[in-house]
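Tertiary structure, described
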Amino acid sequence: MKYWLMKSEPGTYSIDDLRLKPGGTDHWDGVRNYQARNFMRDEMKPGDRVLFYHSGKKPAVVGLATVTSEGYPDHTAWDPKSDHPDPKSSPENPIWYMVDIRFEEKYPSPILLSELRTQPGLKGMLLLKRGMRLSVQPVTKKEYDLIVKMAKPAS
DNA sequence: GCCAACGTTGGC
DNA sequence: GCCAACGTTGGC
C-alpha cells in the first residue's frame, strides 16, 4: 500500500465537494503535470491512502481519502467545455490520467502547513521542500502515520 | 498583492 | 538542443 498527498485549491474543489459526492467518490481530473500524471497512471492503486490538502489562504491537510481505481484517461482533457481542455489529448491518444478517490474523513481542525513545519519527524517531507508544487505527491508511511496522529486529539 | 520557483513554449 | 520569455503555482 502506498501513501499520497493530493492538493486542491478549496475554492475550486474542497474536501467537502468530495464528501458530498454520491458515495463520497469522485474522479481527480484536471491534473496537467507529467510527474503527477505518472504517479496516478503508474503507481496509484485501489486502497492507497491519501492526505487531502488544501492550498491557498490556509494551507493545511484537511482530511483523508482512499484511492478506489487504477489510473485511467482523464476525459475532461478532450472536452473543450471543461475547465482544463488540452487539444493534444484525445480518446485514441489520451495524454492525461486520473484516479478515483473516496472521502474517508474530514478533520475537525485542519493540520496547518505551519504546524507540519514544526514537526521534527517531517523534516525532509516533500511537501515542505522549497519550490515544491507537485499537486500529487508521494508520502512515506512514517510521514503519513505521524500526520494522522497529529490530527487525533491528545488522550 | 507580491514574488520565487518551476514547467512549458517557441525562436533560433 | 539551448535558452529566454512567459504562465502558473502557491506560500507569505
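Note: the structure precedes this text.
I will try to describe carefully the structure that is included in this document. (Residues numbered from 1 in each chain as written. Chains lettered and ligands numbered in written order. Predicted model: local features only at pLDDT ≥ 70, side-chain atom pairs only at ≥ 80, totals over all residues. Heavy atoms only, no water.)

1. Let's talk about the overall build of chain A
Put simply, the rule reads: Strands here are runs of E lasting at least two residues and helices are runs of H or I lasting at least four, both read from the DSSP assignment and numbered beginning at the N terminus. We compute the radius of gyration from the C-alpha atoms alone; for a globule the expected value is 2.2 Å times N to the 0.38, where N is the number of residues. Throughout this description, buried means an accessible area under 20% of the type-specific maximum (1.4 Å probe, protein chains only), exposed means over 50%, and partly exposed covers the range between. Whether two residues are in contact is decided by their heavy atoms, any of which lying within 4.5 Å being enough. Here the open area of atoms and residues is found with the Shrake-Rupley method and a 1.4 Å probe, where only the protein chains shown may cover a residue.
On a plain count of helices and strands, chain A comes out with four helices and eight strands. Relative to the compact-globule value of 15 Å for 155 residues, chain A shows a C-alpha radius of gyration of 15 Å, a close match. Looking at chain A residue by residue over its 155 residues, the buried ones come to 44%. Sequence-distant contacts, at least 24 apart, represent 73% of the contacts inside chain A between residues at least 6 apart. For chain A, the accessible area works out to roughly 8600 Å², and carbon and sulfur atoms hold 52% of it.

2. Quick notes on the nonpolar core
Using the following cut-off: Side-chain atoms within 4.5 Å link the members of a nonpolar core, which is a set of buried Ala, Val, Leu, Ile, Met, Phe, Trp, Tyr and Cys residues.
Formed by 22 residues in total, the largest nonpolar core has its most connected members in Met6, Trp28, Met40, Met44, Phe52, Ile101 and Val136. Those elements that place two or more of their residues in this core are strand S1 (3-8), helix H1 (15-19), helix H2 (34-43), strand S3 (49-54), strand S4 (60-67) and strand S7 (100-112). Looking at this core, the element that brings in the most residues is S4, giving four residues. Grouped together as the second largest cluster of nonpolar side chains are 20 residues, Leu64, Met125, Leu146 and Ala151 included.

3. A word on the protein's contact with DNA strand C
Quick reminder of the rule: A single heavy atom is enough: if one lies within 4 Å of a molecule or strand, its residue is considered near that molecule or strand. Any pair of nitrogen or oxygen atoms within 3.5 Å is treated as a polar contact; in protein, a donor-acceptor pairing is required on top of that, and neighbouring residues in sequence qualify only through side-chain atoms on both sides.
Around DNA strand C sit Lys7, Tyr53, Ser55, Gly56, Pro59, Leu113, Arg117 and Arg133, and that is every residue in its neighbourhood. Counting only atoms of DNA strand C within 4 Å of the protein, the sugar-phosphate share comes to 87%. Between DNA strand C and tyrosine 53 there is a distance of 2.6 Å, counted from a phosphate oxygen to a side-chain nitrogen or oxygen. Glycine 56 places a main-chain nitrogen or oxygen 3.2 Å from a phosphate oxygen of DNA strand C.

4. Concerning H2
Put simply, the rule is: Directions from the helix axis toward the C-beta atoms define the arc.
Along H2, the positions that sit buried rather than exposed are Ala36, Arg37, Phe39 and Met40. Along H2, the residues classed as buried sweep out an arc of 155° about the axis, all on the same side. Buried residues along H2 sit in contact with S1, strand S6 (97-98) and strand S8 (136-139). Its side-chain oxygen at 3.0 Å from the backbone nitrogen of glutamine 35, asparagine 33 defines the N-terminal cap of H2.

5. Let's talk about the pairing of S4
Each regular strand shows side chains that alternate between the opposite faces of the sheet. Defined as follows: Two strands qualify as a pair provided DSSP detects at least 2 bridges between them.
Counting buried residues along S4, eight of its eight residues qualify, which places the element largely inside the surrounding structure. Hairpin connection of S3 to S4: five residues between the antiparallel strands, including glycine 56 at a positive phi of 110°. Relative to S7, S4 runs antiparallel, the two being bridged by seven bridges. The residue of S7 that forms the bridge with valine 61 is isoleucine 111.

6. Looking at the protein's contact with DNA strand B
Around DNA strand B sit Tyr34, Lys88, Arg130, Gly131 and Arg133, and those are all the residues in its vicinity. Atoms of DNA strand B within 4 Å of the protein: sugar and phosphate make up 76%, bases the balance. Arginine 133 is positioned such that a nitrogen or oxygen atom in its side chain is 2.8 Å from a base oxygen of DNA strand B.

Geometry only, nothing functional implied.
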